[in-house]
Amino acid sequence: MLLAAEAPRDELATTLREQIRRPECMAGAAFALASLGDREAVPYLMHMIRYGLDPAAGYLGLGRLKATETVVALRRTSRPMQPREGAAAAWALGEAGGEAAEALLLELLDHAL
């Protein structure tokens, strides 16, 4: 029974991987892949953050994957963050865990207070 349940999920992941290369579909497909736990979404989520294409969704996707790349994405961000993006980035750092993420989160909190 488990195999039958995995088949539609695999088909969905395959379709999303095809659609993610289309600029008009990238954000939605990357977030959906991340929601499925597919790390192939990471470079696309990083792209979304770097170029301001719904960066909050990019951070939420990275957080869903517990991706340590969240630290790199935040360090590269030079533009001011909107509150929604900052909250998503803080959550993603917490999900990523580790010393680097913790240090950056504390640094961000120091600047926010």
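The structure presented is a predicted model; accordingly, all values stated were derived computationally and were not measured. (Residues numbered from 1 in each chain as written. Predicted model: local features only at pLDDT ≥ 70, side-chain atom pairs only at ≥ 80, totals over all residues. Heavy atoms only, no water.)

If you had to explain the overall build of the protein chain to someone new, which residues and values would you point to?
A count of helices and strands for the protein chain gives seven helices and zero strands. Secondary structure elements in the protein chain, listed N-terminal to C-terminal, are α-α-α-α-α-α-α. In terms of principal-axis extent, the alpha carbons of the protein chain reach across some 50 × 30 × 20 Å. For the protein chain, buried positions account for 35% of its 113 residues. Taken as a whole, the protein chain presents about 6900 Å² of accessible surface, with 59% of it coming from carbon and sulfur. When the 12 basic and 15 acidic side-chain charges of the protein chain are each reduced to a single mean position, those positions are 4 Å apart. (Helix = DSSP H or I, 4+ residues; strand = E, 2+ residues; numbered from the N terminus. Buried < 20%, exposed > 50% of the residue type's maximum accessible area, 1.4 Å probe, protein only. Areas by Shrake-Rupley, 256 points an atom, 1.4 Å probe, with all protein chains shown as cover. Lys, Arg positive; Asp, Glu negative; His and termini not counted. Charge placed at Lys NZ, Arg CZ, Asp CG, Glu CD.)

So what's going on with the side chain of Thr77? Which residues, and what values?
Relative to the helices and strands, Thr77 resides in the loop between helix H5 (69-76) and helix H6 (83-96). Of note is the side chain of Thr77, whose polar atom sits 3.2 Å from the side chain of Tyr59. A polar side-chain atom of Thr77 sits 2.9 Å from the main-chain carbonyl oxygen of Ala73. If near-sequence neighbours (up to four positions away) are discounted, Thr77 is found in contact with Ile49 and Tyr59. (Polar contact = N/O pair within 3.5 Å; in protein donor to acceptor, adjacent residues only side chain to side chain. Contact = heavy atoms within 4.5 Å.)

Go over the nonpolar core, please, and point to the residues and values.
If you look at the biggest cluster of nonpolar residues, it comprises 31 residues, and the most contacted ones within it are Leu45, Tyr59 and Leu62. Sorting the residues of this core by element identifies helix H1 (2-19), helix H2 (26-35), helix H3 (42-50), helix H4 (55-64), H5, H6 and helix H7 (99-112) as the ones contributing at least two each. Sequence-distant contacts of Leu45, defined by excluding residues within four places in its chain, comprise Ala30, Phe31, Ala34, Ala57, Gly58, Gly61, Leu62 and Leu65. (Core = buried A, V, L, I, M, F, W, Y, C linked by side-chain atoms within 4.5 Å.)

Outline the pattern of salt bridges, supporting the account with residue identities and numerical values.
One pass over the structure, following the stated rule, counts eight salt bridges. A salt bridge links Asp38 to Arg17; the shortest N-O distance between them is 2.5 Å. Taken together, the positions of Asp38 in the loop between H2 and H3 and Arg17 in helix H1 put the pair 21 residues apart, joining distant regions of the chain. Judged by its relative accessible area of 12%, Asp38 falls in the buried class. On the basis of relative accessibility, which here comes to 26%, the residue Arg17 falls in the partly exposed class. In this structure, Glu40 and Arg17 form a salt bridge, with 3.3 Å as the shortest nitrogen-oxygen distance. Here the residue Glu40 occupies a position in the loop between H2 and H3, and Arg17 occupies one in helix H1, the gap between them amounting to 23 residues. Several salt bridges converge on common partners, so that one network encompasses Arg17, Asp38 and Glu40. (Salt bridge = Lys/Arg side-chain N within 4 Å of Asp/Glu carboxyl O.)

Can you break down the confidence of the model for the protein chain residue by residue, with the values?
The predicted coordinates of low-pLDDT regions are not to be read in fine detail. Model confidence for the protein chain is summarised by a mean pLDDT of 90, while 93% of its residues fall at 70 or above. Per-element confidence in the protein chain ranges from a low mean pLDDT of 77 for H1 to a high of 96 for H4. (pLDDT = per-residue confidence, 0-100.)

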